[in-house]
Every structure is written in structure tokens, then in C-alpha cells.
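Okay, here's what each chain looks like letter by letter:
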Amino acid sequence: MLFLWGIVFSPPAGRSQGLQESALLKPATDTWPTYNGDYSGRRFSVLNQINVKNIGSLRLAWIFQTHTQAIKSTPLEVNGILYFTAPDHVWAVDARFGRMIWHYQRPSEGDHIGHRGVAMYGDWLYFTTPDAQLVSLNAKDGSVRWIRELADPKLGYFSTMAPLVIRNHVIVGVSGDVTDIPGFLESLDPDTGKIQWRWYVEPKPGEPRSETWPRNSDAIRHGGGMTWMTGSYDPRLNLLYWGTGNPNPVLAGEVRPGDNLFTCSIVALNPDTGTLVWYFQPSPHDVHDWDAVETPVLFNAPFNGKPRELLAQASRNGFFFVLDRTNGEHLVTAPFIDETWASGIDSRGRPIAKADYAPRPDGALVEPASDGATNWMAPSFDPQTGLFYVNARRTFSIFYLTATGKPEGWAGRDRDLYADSAIRAIDYRTGKIVWDHEIGKGEGTAGILTTAGHLLFTADNAGNLLALDPATGHTLWHVNLGGRMESCPMTFELDGRQYLIVSAQDLLFAFTLPENLIHQSAK
Amino acid sequence: MYLKTTHKFLILCATAIITFTAAIFTDYNSFAQSTSGQAAAIERGQKQFEANCGFCHGNDATGARGPDLIRSKLVADDVGGNLIGAVIRNGRPQKGMPAFTMTQEQIDDIAAFLHARIHGAMRSGRVSDTYPLSRLLTGDAPQGKAYFNGAGGCSACHSTTGDLAHIASKYAPIDLEARMLYPRGAATSTVTVVLPSGEKVEGKLVHLDEFSVALQDASGWYRSFSRNQVKVQVHDPLAAHRALLSKLSQADVHNLFAYLETLK
């Protein structure tokens with residue numbers, strides 16, 4: 001029933017040899033053309049060759065070794081080629097056989113914390129770098145077409161995200177919260193790399209919502225709000241949805257009294273102009289590094305008996321939010337872990353922070369830690385179950401505000417005490433937890449994929465790739481991959497064969513069904 | 001050699017702590033200790049800066065009437081005074097900054113000071129191991145003692161004359177606070193595995209996930225089992241700490257810490 005209001009996608013301007021326009025017209029099957037697989041951010045695949053009945057027969061097709069740091073990217077798959085990344089690295093790998101086609105490497109200064117992947121437009125790839133450059137590569141051979149500076153790396157900017165292509169816009173975000181620099185999102189021309197628009201997370205003094213920052217100080221100019229992660233897009237409404245990061249100085253809130261818009265917010269922008277249409281702020285006046293950059297997941301489903309166009313986010317602060325994505329109207333706020341920092345929810349659906357849970361010189365014990373109740377690891381929404389899935393981390397830490405003069409940068413830090421994690425299924429209508437699947441001590445790092453084969457793929461904290469029943473959370477199949485999954489599973493079909501691609505540490509794995517089962521599945 | 005270096009490091013730490021604001025508790029020390037010449041240059045530069053520049057830019061360079069130089073593109077792009085020098089010598093009359101007559105050495109020192117300040121701000125996201133006790137000690141020790149022996153249930157496992165005797169002398173204050181809350185790695189879980197035959201195998205827990213359990217038995221050998229063939233009982237000595245994390249108020253944390261700090 002939830003299928004009735006499926007999102008219809010409109011194409012980017014395609015080219016004959018690269019990413020075809022039609023690839024984004026329909027739910028992805030033979031391609032995975034964007035970071036989240038499609039514009040909705042649901043990470044739900046309509047493929048069902050691998051399914052609940054034959055999952056026990058899933059077997060390894062190939063392994064690709066990168067010999068670098070952990071893979072945190074989701075590969076694209078276009079015309080039988082996988083494109084994926086690590087900081088400074090892009091690989092093109094044969095999706096059928098796991099052989100390398102080309103490898104691009106560009107050593108750089110800057111933060112190498114992780115990398116999420118590339119975007120594609122026609123024959124061209126777009127790759128962000130630790131020194132805040134955007135590199136356009138020829139997808140055929142990995143040669144460089146052009147390199148544009150997004151921001152000055154000497155000021156502390158870098159970029160880890162996979163850009164999002166909408167028509168002739170390459171939408172790119174930036175990172176960097178160790179210095180007090182303004183966050184922004186910008187749109188570049190896919191051919192020339194010229195800036196089409198730039199939207200700053202902080203309004204200029206005097207503009208609407210600048211009153212959420214102190215007057216007579218430079219706080220608003222140094223307010224942070226990084227655009228770390230790939231957003232989502234609704235072609236019908238022509239709205240781009242993006243999450244923004246924490247304000248700066250990170251832990252020192254007293255120098256920036258107010259809500260500090262548009263940090264820690266979900267914003268809806270016009271992708272052609274960068275104009276703000278609406279916003280919602282999951283963490284007003286954040287002082288815990290709780291970026292609201294987790295995927296804004298789009299789906300159409302009944303709410304209070306009426307069909308609605310919804311947006312849901314499981315946010316780093318431990319709360320799950322559901323909004324009407326046409327106008328930002330708040331519908332649901334509910335915690336998805338037993339957070340300790342909020343005293344309630346205000347009339348606008350925002351958690352109310354307890355004053356003594358803000359960082360302090362003698363330490364404040366808080367759940368979740370700054371690493372968050374969830375983080376970059378992708379959530380998923382399965383229209384077959386109507387459930388939203390998240391890697392939920394119960395993390396405790398003690399937050400110290402160490403700065404005594406004018407606070408700058410982080411101005412302190414939290415020390416991690418304890419963490420354990422679970423995959424949780426949330427009823428989007430109420431925010432209630434429907435099932436909980438423990439994945440062990442420590443902070444979960446795996447993303448989630450659901451499929452029409454009635455399967456949920458993710459990983460536990462012990463290196464096991466898991467296939468769960470999305471309705472119940474029961475384990476259907478597993479294999480120990482020998483390392484942590486720090487990325488998100490993805491899937492596609494080539495030559496009538498469905499592939500599941502996952503990573504563990506610096507290895508990429510492909511799984512398929514045996515030949516005889518593929519033929520059975522086709523009947 | 002090692003002792004000498006440590007000694008020098010301590011002196012530099014002390015200098016840094018006395019001289020600078022606590023934002024520099026972070027990593028200024030490691031920057032300053034790279035060479036003693038550099039440390040001296042930074043110290044000279046700070047004096048120069050306070051005397052000539054602090055009036056407008058703030059003594060800590062974070063800005064006052066004049067701009068914040070810690071978050072300045074020009075200073076970020078500067079290498080060894082190559083950009084800062086011209087601004088100091090020529091001033092910025094259109095913005096109200098006068099020119100200063102300074103020697104190259106004085107400019108070099110000011111540049112060294114500013115770069116050290118930026119280095120510290122860039123690494124402000126850390127809590128130093130030497131974070132001072134005075135900033136942590138805000139609680140009430142008698143109330144902490146009451147919590148320890150009462151609501152907290154700490155005395156069920158711990159004794160202030162036994163395992164916790166002199167605990168405050170064993171750990172730096174910042175580490176003691178964290179260990180008090182959750183002493184990671186301080187105690188190993190044990191496990192009892194019941195085989196289908198009814199035989200019990202016990203030992204230190206080595207691994208546990210949804211599918212397998214592994215232990216080290218009393219003889220030191222590693223043994224593992226498939227969880228669908230055995231029953232597993234884990235005994236986690238830190239379970240009470242985990243449970244307390246959800247219950248402790250901020251006052252409880254600081255009172256308990258104040259009490260533990262009395263156990264010198």
C-alpha cells in the first residue's frame with residue numbers, strides 16, 4: 001500500500017555513454033547512480049532475486065583489496081563499473097569480476113577522517129578531497145578534467161562527502177569544525193566547475209534568523225555548521241533536503257546564546273537557486289557536536305489516515321524526527337535511545353536541553369557522547385514494512401569545557417566512557433521502537449540496506465555481515481568478514497544476476513547466488 | 001637523555017600553563033617543546049604582541065577592537081612572518097591600524113607566537129592528561145561518601161581501605177574521574193558455557209557475538225563454541241558501572257569524585 005505514493009524521479013541531463021538519464025527515472029535496478037542509490041535516501045532496493053527464501057545460499061563472488069584505510073564510501077555502479085573512494089583515492093572496478101579498471105590517487109594535506117564516495121554526471125565523476133578541492137574525473141580512465149577549490153584548506157576546511165547531481169547542478173558540501181569557519185553548501189556547473197550558487201549555513205547579520213545569534217560579537221561569522229553528508233531530493237517539489245552540522249565553538253555555548261540557525265538543522269532548498277524554503281532544527285543551540293547531517297529520508301506514507309509526503313531523520317542527538325517535507329511541518333519527535341540530556345519536547349517538536357548537561361569545566365556526564373546516537377552510517381526505510389531502520393548507539397561520555405579565555409575551536413572535549421549498539425526498527429507514525437537487534441559493545445559503524453527480497457543487510461560490531469528479517473529483526477544469514485563494516489551495503493543487478501556489495505575495513509566484497517538458484521528465481 | 005627531555009617538557013608545560021589561557025592546555029605544549037629556541041621565540045613574541053598589538057587585537061590575539069588573528073586568513077597563509085611582517089611594518093591605515101617599526105627578529109617572534117596560538121586553537125578538542133584538579137573538584141566529599149555507601153551501591157564491590165585505598169594517588173584527576181564512571185579494561189568478564197552434555201566450561205571471556213563465544217580456560221587454552229549449541233552465561237564485573245551511568249546526576253558525579261579525591 002505504501003508503494004502507491006512512490007517517488008517519481010526526474011533525470012539529470014545525461015550523455016550517451018555514461019550515466020543514462022533513464023537510470024534516475026525509475027527505482028535503481030541495474031544501476032546505483034548516487035550515494036544513497038536514489039534521491040529519496042531510503043536505501044531500499046526493489047530487487048528481490050536474493051530473498052528471504054534463498055539467502056542461506058548467498059556466496060562470495062569476489063573480493064577487492066584496496067590496501068588503504070577503511071572504506072567508508074558507498075560505491076556507485078553504472079554500466080557494470082563500480083566507482084568508490086577512500087580519502088585521496090578513487091577506484092573503478094569491474095562490478096562483475098572485481099578487477100581494477102583504474103585507480104586515481106592525489107595525495108593531499110587536510111583531514112583524512114573518511115570518504116563517502118563520488119557523484120556522476122554523464123561520463124564524469126566528482127570527487128571531494130581532504131584539502132577541500134572538487135576533482136572532476138573522466139569515468140573511462142580516471143584522468144583529471146579539472147580541479148576547483150571549494151574552500152581554503154588552511155582555514156581548516158576539508159571535504160569528505162559524495163556530491164549530489166540534480167540536473168545540471170553538482171551539489172557539494174564541506175567539513176571542518178576544529179576551527180570556527182562558516183559552513184556552506186554550493187552548486188557547481190558539471191561541465192565547467194563554476195559556482196552556480198552558494199548557501200551559507202549562517203545568515204548574514206540583519207537577515208532573517210540572524211537574531212538567533214548574539215549581536216555585538218563575531219559569533220555568527222564563525223558559527224560552523226558543516227554540510228558533511230549527502231542530502232536527498234524530491235523532484236516533484238523540486239526541493240533539496242540537507243542536514244547541517246554543529247555550531248562553533250563546538251562545546252562553548254555561552255559565547256553564542258540563541259538557537260544558532262541554521263546549524264544542526266534540516267533545510268529545504270531550491271536546487272536551482274540555493275534559496276531556503278523551510279527549515280527544522282533538531283538540536284537548537286547545540287553544545288555536544290550533534291550534527292544533524294544524517295540522511296533526510298523521503299517517503300510517502302499514510303499519517304493519521306491521510307497520505308503524506310514525509311521526511312524522517314534519526315539524528316545524532318538520539319531523537320527521531322518526522323516532518324511533512326512539503327512545508328517542514330513537524331509531525332513526530334521521539335528518542336530512539338535512552339538519552340539523558342533532554343527534559344522534554346517543545347511545542348515545535350524540538351528537544352529541550354537540560355542546562356546542567358551542557359559541557360562544563362568539571363565535566364558533564366551525557367548520553368549520547370559526541371560521536372552520537374548515530375552518525376554517518378546510512379539508515380533505511382522499507383516501504384514493505386513501513387519501518388525506519390537505524391544503527392542506534394548507546395554512548396556515554398563526560399564533556400569538559402576546557403577553555404577559559406575566549407573559546408575557539410572545540411574549546412573542550414568529551415571523554416568516551418562506554419558504548420554498545422543495536423539495529424533498531426522505528427514505527428514512523430509514532431517513533432516507537434518495533435524491534436531491537438543487539439550488535440555488541442562499542443559504537444556501531446555499519447549502514448543499512450533493505451530490499452524487496454524481504455531482507456535487511458547490515459553488520460554487527462564483531463565483523464559479521466548480517467541479513468535480518470526487516471519485519472522482526474531476526475537473523476536470517478551471516479558471515480564473518482574479518483573486519484568492521486564502516487560503510488553501507490548496496491545492491492544492483494547485472495546480466496540477470498543480483499549482486500550485494502559490502503565492505504569490511506579496506507576490503508570490498510561481492511556476493512551473489514549460485515547459478516542454479518538464479519535460474520529458479522527467474523521462473 | 002629521556003629524563004632531561006622530560007624535565008624540559010615539564011618546565012615548558014609549566015610556562016605554558018602559567019602564561020596562556022586554558023584553551024592552550026591542549027597541545028600548545030607539544031608545539032612549544034619542539035625546540036627550546038622556538039619556545040623562547042614564542043615567549044618573546046607574546047611579550048611583543050601584548051605590548052604592541054594586544055590593545056586592539058586582545059592579549060590572546062582573539063580580537064577586540066581589531067580583528068581576531070587566530071581565525072584570520074592572512075595569518076593562516078603566513079609562513080614565518082612573510083605576510084604578517086608587511087602588515088606590521090606598513091600598517092593598514094584605511095582600517096585604522098598604524099605602522100610599527102620593528103626588527104625582523106621581533107616580527108619573527110610575533111609570527112611564532114601567533115602560529116603557536118593557532119596551533120593550540122586547532123587542537124582545542126582535547127582534554128590534557130594534566131587537566132588541573134582544581135577545575136574538577138566542585139563536588140561535596142561527604143555527600144559523595146554518603147552516595148558511595150548508600151544509593152550508589154559502590155560499597156557492595158569496593159572498599160576505600162582495600163581496592164580503592166590511595167586511589168587518588170594512583171591516577172591523574174582527569175583519569176580518575178573517567179575510571180570512577182567506567183573503568184574500561186579494569187576487569188575482565190568471565191563466562192560459563194554449558195555444553196549439550198551438561199558439562200560446564202568456564203573462563204575469561206575472549207569473544208562474544210550473536211553466533212560464537214570464546215574463552216580462555218583456567219589452563220590458559222583458548223576454546224570457542226557455536227552459540228546455537230551451548231548455553232552462555234556472562235558475568236560482567238562492570239555491569240553495575242554501566243547501570244549507574246544511566247542513573248547518576250551531575251551532582252552525584254562530582255560529589256563521588258570529590259570523595260575519591262580524599263583517598264590519597
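Being a predicted model, the structure only gives us computed values, none of them experimental.

1. Topic: the pattern of salt bridges
Residues and elements named next belong to chain A. Applying the stated criterion across every chain, the model contains 37 salt bridges over all chains. The partner of Asp 291 in a salt bridge is Arg 316, with the nearest N and O atoms 2.8 Å apart. Taken together, the residues span a long stretch of sequence, with Asp 291 in the loop between strand S18 (276-280) and strand S19 (297-303) and Arg 316 in the loop between strand S20 (306-314) and strand S21 (319-324) at a distance of 25 residues.

2. Brief notes about helix H9 (residues 141-149) of chain B
Residues and elements named next belong to chain B. Every buried residue belonging to H9 is among Ala 141, Gly 144, Tyr 147 and Phe 148, and all of these are buried. Viewed along the axis of H9, the buried residues span an arc of 115°, placing them on a single side of the element. Away from its buried face, by an angle of more than 90 degrees, H9 presents the exposed residues Pro 142 and Ala 146. Of the surrounding secondary structure, the elements contacted by the buried residues of H9 are helix H12 (239-245) and helix H13 (250-261). For H9, the N-terminal capping position is held by Asp 140, with its side-chain oxygen 2.9 Å away from the main-chain nitrogen of Gln 143.

3. A word on the interface of chain A and chain B
Between chain A and chain B, the residue contacts involve 45 residues of the former and 42 residues of the latter. Of the roughly 3800 Å² buried between chain A and chain B, counting both surfaces, carbon and sulfur atoms make up 52%. Viewed at the interface, chain B and chain A are joined by 8 salt bridges. When the shortest N-O distance is used, the salt bridge between Lys 441 of chain A and Asp 236 of chain B registers 3.1 Å. If you look at where chain A meets chain B, you find 25 residue pairs in polar contact (both at pLDDT 80 or more). Put simply, the parts of the chain that give the side of chain A that touches chain B at least two residues each are strand S25 (364-366), strand S27 (387-401), strand S28 (412-427), strand S29 (433-441), strand S32 (464-468) and strand S33 (475-480) of chain A. A per-class count over the side of chain A that touches chain B returns 17 nonpolar, 12 polar and 16 charged.

4. Digging into the sheet that holds strand S22 (residues 330-335) of chain A
Residue and element names in this part refer to chain A. Taken together, 4 strands build an open sheet; the order of strands is S19-S20-S21-S22 and the sheet is antiparallel. Because the sheet does not close on itself, it has two edges, and the strands there are S19 and S22. Shown here is a sheet whose adjacent strand axes are inclined to one another by a mean of 30°, direction ignored. Of the strand pairs in this sheet, S19 and S20 are connected by 7 bridges, and their pairing is antiparallel. By the bridge assignment, Asn 300 is partnered in S20 with Glu 309.

5. Comments concerning the packing of aromatic side chains
Residues and elements named next belong to chain A. Taken as a whole and assessed by the stated rule, the structure comprises 28 aromatic pairs over all chains. Here the aromatic rings of Phe 299 and Tyr 428 are separated by 5.3 Å at their centres, their planes lie at 75°, and the arrangement is edge-to-face. With Phe 299 in strand S19 and Tyr 428 in the loop between S28 and S29, this residue pair connects regions lying 129 residues apart in the sequence. Ring geometry for Phe 381 against Tyr 428: centres 6.0 Å apart, planes inclined by 75°, an arrangement best described as edge-to-face. One end of the pair, Phe 381, is in strand S26 (residues 380-382); the other, Tyr 428, is in the loop between S28 and S29, with 47 residues separating them in the sequence. Residue classification places Tyr 428 among the buried residues on the basis of a relative accessible area of 4%. When the ring centre of Trp 376 is taken as reference, the NZ or CZ atom of Lys 72 above it lies at 5.0 Å. Geometry around Trp 410 places Arg 413 over its ring, the cationic atom sitting 3.9 Å from the centre.

6. Focus on the confidence of the model for chain A
Of all residues in chain A, 95% attain a pLDDT of 70 or more, and the chain-wide mean is 94. This stretch, residues 1-16 of chain A, has a pLDDT under 50; its non-local contacts, to residues over four places away or in other chains, come to 50 contacts.

How each quantity is defined
- Residues numbered from 1 in each chain as written.
- Chains lettered and ligands numbered in written order.
- Predicted model: local features only at pLDDT ≥ 70, side-chain atom pairs only at ≥ 80, totals over all residues.
- Heavy atoms only, no water.
- Salt bridge = Lys/Arg side-chain N within 4 Å of Asp/Glu carboxyl O.
- Helix = DSSP H or I, 4+ residues; strand = E, 2+ residues; numbered from the N terminus.
- Buried < 20%, exposed > 50% of the residue type's maximum accessible area, 1.4 Å probe, protein only.
- Arc of directions from axis to C-beta.
- Contact = heavy atoms within 4.5 Å.
- Polar contact = N/O pair within 3.5 Å; in protein donor to acceptor, adjacent residues only side chain to side chain.
- Buried area = accessible area lost by both parts, 1.4 Å probe.
- Nonpolar A, V, L, I, M, F, W, Y, C, P; charged D, E, K, R; others polar.
- Pairing = 2+ DSSP bridges.
- Axes fitted to C-alpha atoms, helices over the stretch in contact; angles between N-to-C directions.
- Phe/Tyr/Trp six-rings, centres within 6.5 Å; stacked < 30°, edge-to-face > 60°.
- Lys NZ or Arg CZ within 6 Å of the ring centre and 35° of its normal.
- pLDDT = per-residue confidence, 0-100.

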